[in-house]
Amino acid sequence: MSSISIKTPDDITGMRIAGKLAAEVLDFIAPHVKVGVTTGELDRLCHEYMINVQGSIPAPLNYCPPGYTPYPKAICTSINDVICHGIPGDKVLKSGDAINLDITIIKDGYHGDTSRMFLVGEPSILARRLSLITYECMWLGISKIKPGAHLGDIGFAIQQHAEKSGYSVVREFCGHGIGKVFHEEPQVLHYGHPGTLEELAPGMVFTVEPMINAGRREIREMGDGWTIKTKDRSLSAQWEHMILVTETGYEVLTVSAGMPPPPAFIANTPASLVTI
Ligand code: MF3
Ligand code: CO
Ligand code: CO
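Predicted model only: the values in this text are computed from it and were never measured.

Chemist: Any chance you could explain the pairing of strand E4 (residues 98–107) here in plain terms?
Modeler: It is a general feature of regular strands that their side chains alternate between the two faces of the sheet. Within E4, nine of the 10 residues are buried, which leaves the element mostly enclosed by the surrounding structure. The sheet contact formed by strand E1 (residues 57–58) and E4 spans two bridges and is antiparallel. Counted as the bridge partner of Ile-57 is Ile-106 from E4. Pairing geometry for E4 and strand E5 (residues 110–119), over 10 bridges, is antiparallel. If you follow Asn-100 over to E5, its bridge partner there is Met-117. Linking two consecutive strands that pair antiparallel, namely E4 and E5, is a turn of two residues; a positive phi of about 50° is found at Asp-108 within it.

Next comes the structure, spelled out in structure tokens:
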């Protein structure tokens, strides 16, 4: 029995709007991600843009899953060996930093969730390659999405590409169903085996958001109750899109004018529909 919700046409309209708004926050903040800016300033700018320009609400602010303390900021800023859930603050970006900005907004009750990597100043070859491979991992996973495919197909594609590139896949965090609720079923694992786990059906909406480490996959939790780092202090990268399963394949909901284009191998996939 599957408890993955099937969105109604009205839900899908709402999710398209929310997804686009989340992606547009990333477009807005991109030129500000430079040497010398603090993560707190990036949070302030995004928060102000959501409230005053978009009329949207930052979903992370005060978000409090069971066993957590309320998240204190509007966005997540995860630098270098921070895997996810980095809390914005006084940290100043320096040349060579690799930072993930993860944006989740709520508009008319619907969530839009997306994240991108930004490479600051003069990034290392490693940071560039890790970000690129992680981006390819996300899209390889997305490219498997169509009715009749299984969640395990997505995880397998991601794990294969990460591991053959010499990297590892974080296991403790995963993609997720999303809608009027921030995190709902299913869990979208970024590792696994083809043909396993739930079968996909039109109207499902979930994120694909692989966290890939340059070193080992183990994590450690910081004392702030949120920040997750690599145990071996190796670099970690993440990209995230929110996807609708359609009758013929998938639709990326977190699209915007400034989003990075899909890798070339996607442009030739007939099933893909990437609308702006
Ligand atoms: N946006 C994250 C995700 O992709 C969740 C962040 S929860 C927060 O699922 F509270 F840290 F913001
Ligand atoms: Co996110
Ligand atoms: Co997410």
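Chemist: Could you clarify how one ought to interpret the coordination of the cobalt ion (ligand 3) in this entry?
Modeler: Six octahedral donors around a metal ideally subtend angles of 90 or 180 degrees, whereas four tetrahedral donors ideally subtend 109.5 degrees. Within the first shell, the cobalt ion (ligand 3) binds the protein through Asp-113 (OD), His-176 (NE2), Glu-209 (OE) and Glu-240 (OE), at distances of 2.0 to 2.2 Å. Considering all six donor atoms around the cobalt ion (ligand 3), the spread of angles at the metal, 50 to 163°, places the coordination shape in the irregular class. Sequence spacing among the residues donating to the cobalt ion (ligand 3) works out to D-x62-H-x32-E-x30-E. Separation of the cobalt ion (ligand 3) from the cobalt ion (ligand 2) amounts to 3.3 Å, with Asp-113 serving as a shared donor to the pair. Placement of the pair is Glu-209 in the loop between strand E9 (205–208) and strand E10 (211–213) and Glu-240 in the loop between strand E13 (236–238) and strand E14 (241–245), with a sequence separation of 31 residues. Summarising the burial analysis for this pair, Glu-209 and Glu-240 share the class buried.

Chemist: I tried to follow the sheet that holds strand E11 (residues 219–221) on my own but got confused; where do I start?
Modeler: What links the strands of a sheet is backbone hydrogen bonding, and the strands pair in either a parallel or an antiparallel sense. A sheet is described by the order of its strands in space; here three strands give the open sequence E3-E12-E11, paired in antiparallel fashion. Of all the strands in the sheet, just strand E3 (82–84) and E11 have a single pairing partner and so form its edges. Here the average twist between neighbouring strands, direction ignored, is 40°. Sheet analysis places E3 next to strand E12 (residues 228–230), joined by two bridges and oriented antiparallel. Residue Cys-84 lies in a different strand from E12, and its bridge partner there is Ile-228.

Chemist: Explain the sheet that holds E13 to me, please; I cannot follow it from the model alone.
Modeler: Strand order across the open sheet formed by three strands is E6-E10-E13, with antiparallel pairing between neighbours. Of all the strands in the sheet, just strand E6 (168–169) and E13 have a single pairing partner and so form its edges. Bridging between E6 and E10 involves two bridges; their strand directions are antiparallel. Residue pairing in the sheet places Ser-168 in a bridge with Asn-213 of E10. Helix-sheet contacts for helix H3 (residues 125–143) involve E10 and E13, and the interaxial angle to E13 is about 40°.

Chemist: When you look at the state of the cysteines in this model, what are you seeing that I'm missing?
Modeler: As used in these notes, a disulfide is a covalent bond between sulfur atoms, one from each of two cysteines. Throughout the structure, instances matching the rule amount to zero disulfides. Here Cys-46 is not disulfide-linked; the sulfur of Cys-76 is the nearest cysteine sulfur, at 11 Å. Cys-76 forms no disulfide, and the closest cysteine sulfur to it belongs to Cys-84, at a distance of 7.7 Å. For Cys-76, a relative accessible area of 9% corresponds to the buried category.

Chemist: Please explain the site of ligand 1 as it appears in this structure.
Modeler: Residues in close proximity to ligand 1 total 14 residues, the closest being Pro-60, His-176, His-183, Glu-209 and Glu-240. Contacts to ligand 1 include His-176, whose side-chain N or O atom sits 3.1 Å from an oxygen atom. Contact with the protein chains covers 97% of the free accessible surface of ligand 1, which is 340 Å². When atom positions are compared with the pocket grids, ligand 1 is found to occupy the largest pocket.

Chemist: How should the coordination of the cobalt ion (ligand 2) be read in this particular structure?
Modeler: Around the cobalt ion (ligand 2), the protein supplies Asp-102 (OD), Asp-102 (OD), Asp-113 (OD) and Glu-240 (OE) as donor atoms, at distances of 2.1 to 2.4 Å. Considering all six donor atoms around the cobalt ion (ligand 2), angles at the metal cover 58 to 165° and the coordination shape is irregular.

Chemist: I'm lost on the pattern of salt bridges in this one. Help?
Modeler: Two side chains that carry opposite charge are able to pair once their charged atoms sit near each other. Within this structure, the stated rule accounts for nine salt bridges. Salt-bridge contacts for Arg-220 lead to Asp-81; the nearest nitrogen and oxygen are separated by 3.9 Å. Placement of the pair is Arg-220 in strand E11 and Asp-81 in the loop between strand E2 (76–79) and E3, with a sequence separation of 139 residues. The exposure class of Arg-220 is partly exposed, given its relative accessible area of 21%. As a salt-bridge pair, Lys-94 and Asp-97 come within 2.8 Å of each other at their nearest N and O atoms. It is possible to trace a salt-bridge network through shared partners that takes in Glu-41, Arg-44 and Glu-48.

Calculation notes
- Residues numbered from 1 in each chain as written.
- Chains lettered and ligands numbered in written order.
- Predicted model: local features only at pLDDT ≥ 70, side-chain atom pairs only at ≥ 80, totals over all residues.
- Heavy atoms only, no water.
- Buried < 20%, exposed > 50% of the residue type's maximum accessible area, 1.4 Å probe, protein only.
- Helix = DSSP H or I, 4+ residues; strand = E, 2+ residues; numbered from the N terminus.
- Pairing = 2+ DSSP bridges.
- Donors = N, O, S within 2.8 Å, 3.2 Å for Na, K, Ca; no water.
- Tetrahedral: all angles 85-135°; square planar, octahedral: opposite > 155°, others 65-115°.
- Axes fitted to C-alpha atoms, helices over the stretch in contact; angles between N-to-C directions.
- Contact = heavy atoms within 4.5 Å.
- Disulfide = S-S within 2.5 Å.
- Near = heavy atom within 4 Å.
- Polar contact = N/O pair within 3.5 Å; in protein donor to acceptor, adjacent residues only side chain to side chain.
- Areas by Shrake-Rupley, 256 points an atom, 1.4 Å probe, with all protein chains shown as cover.
- 1 Å grid on protein atoms, 1.4 Å probe; cavity = no way out; pocket = protein on both sides within 12 Å on 5 of 7 lines; lining within 4 Å.
- Sits in = over half its atoms within 2 Å of the grid points.
- Salt bridge = Lys/Arg side-chain N within 4 Å of Asp/Glu carboxyl O.

Nothing here speaks to function; it is all geometry.
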